[in-house]
Amino acid sequence: MKIPEFLKKGDKVAIVCPASYIKGDIDLAVTVLTEWGLEVEVGETVTSQFHQFAGTDALRAADLQKALDDPSIKAVFAARGGYGTVRIIDHINFNRFRKHPKWVIGFSDITVLHSHIHHRFNIPTIHGQMPKSFEDSSKDALESLKRALFGQKMDFTYSQTDYPNRSGNGSGQLIGGNLAILQSILSSKSDGKYDGKVLFIEDVGESHYNIDRMLWTLKRAKKLDKLAGLIVGGFTSLKDSDPAFGQRFEDIIMDKVRAYDFPVAFGYPAGHIDNNHSLIMGKNIKLRVKNEETSLKYLD
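Residues numbered from 1 in each chain as written. Predicted model: local features only at pLDDT ≥ 70, side-chain atom pairs only at ≥ 80, totals over all residues. Heavy atoms only, no water.

(A) Representation of the sheet that holds strand S7 (residues 168–178) within the structure. Spatial ordering of the open sheet is given by S6-S13-S12-S7-S8-S9-S10, a layout of seven strands whose pairing is mixed. At either end of the open sheet lies a strand with only one pairing partner, and these are strand S6 (156–159) and strand S10 (264–265). Inspection of the sheet shows S7 paired to strand S8 (residues 198–204) by five bridges, in the parallel sense. Paired with Gly 176 across the strands is Phe 200, a residue of S8. With respect to the sheet, helix H9 (residues 249–257) is in contact with S8, strand S9 (229–236) and S10, its orientation differing from that of S9 by roughly 155°. (Pairing = 2+ DSSP bridges. Helix = DSSP H or I, 4+ residues; strand = E, 2+ residues; numbered from the N terminus. Contact = heavy atoms within 4.5 Å. Axes fitted to C-alpha atoms, helices over the stretch in contact; angles between N-to-C directions.)

(B) How the structure looks around the environment of Asp 261. Tracing the sequence through the fold places Asp 261 in the loop between H9 and S10. The exposure class assigned to Asp 261 is exposed, which follows from its relative accessible area of 70%. Sequence spacing of Asp 261 and Ala 67 is 194 residues, and the spatial spacing of their C-alpha atoms is 42 Å. (Buried < 20%, exposed > 50% of the residue type's maximum accessible area, 1.4 Å probe, protein only.)

(C) Examining the pairing of strand S2 (residues 39–42) more closely. Pairing of strand S1 (residues 12–16) with S2, which is carried by four bridges, proceeds in the parallel orientation. Bridge pairing in S2 links Val 13 to Val 40. Once you follow S1 into helix H1 (residues 27–35) and on to S2, the crossover reads as right-handed. (Right-handed = clockwise from strand over helix to strand, strands pointing away.)

(D) Main features of the pattern of salt bridges. Following the criterion strictly, the structure yields 12 salt bridges and no others. A salt bridge links Glu 135 to Lys 132, with the shortest nitrogen-to-oxygen separation between them at 3.7 Å. The partly exposed category is assigned to Glu 135, whose relative accessible area is 44%. We note a salt bridge from Asp 191 to Lys 223, for which the minimum N-O separation is 3.0 Å. Placement of the pair is Asp 191 in the loop between helix H7 (179–184) and S8 and Lys 223 in the loop between helix H8 (208–220) and S9, with a sequence separation of 32 residues. Like Lys 223, Asp 191 is buried. Members of the salt-bridge network, linked through shared partners, are Asp 57, Arg 60 and Arg 87. (Salt bridge = Lys/Arg side-chain N within 4 Å of Asp/Glu carboxyl O.)

Shape descriptors only; they carry no functional weight alone.
What follows is the structure in structure tokens.
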């Protein structure tokens, strides 16, 4: 595994928009990153719009490529998610990035980049707050992002009582992200093996029946059979059908993994929530679940 260099004061970071366009501005994020001692370069796509996208596919690919290739840039933030990263991923040349990796940060649609980078190149990335979401972010979420970027301790323990966990211990590479995106890239060049790994999933705005369908897709593709563990983040703004689907999302998830024996942790504070706690995707972790308490320890 080739780990990007952690940031230090004076480093330059880039903000680009590989997916949907931004309504409003990212001034707060630029201010926060500057207060962290970083120099911020804002890409052309941040102020561009082509229909629902942050510029044409060609512009978004070129803006991301520039940030990945520029040796003076030490980290690349996706300004927001939405939709569109999958449209440009096959046009990105990762040769320079593989030789000189840097942190790539984002979540939601940016799951395409997370999965592509750590499955193909074994380089970790950061699942965390994006500049557009800084304005709604909790202090803890931003602090966890800062710790991830500057190489500080990321081990984390939390408790939840909303749904019973499945206790146990598991170790493996942390993978995953947005459930809909994971399902959409199955069998593509951005997909990878799940066996022996700890899977994290989250989603927003989905119908209960569609969560069921996506998980059945992963299950039938044998993605869930040999996991080392499952971490369930935020499933927010969910919609039900009429008549109702009849299960909470936690029950839908648990039904798909009930036959296996790996630990299952619900309620991890990450996803489309204000307290979107950062995760370092692609790194090896030890997951410990005991009743209501869950702990993650990074192993390298």
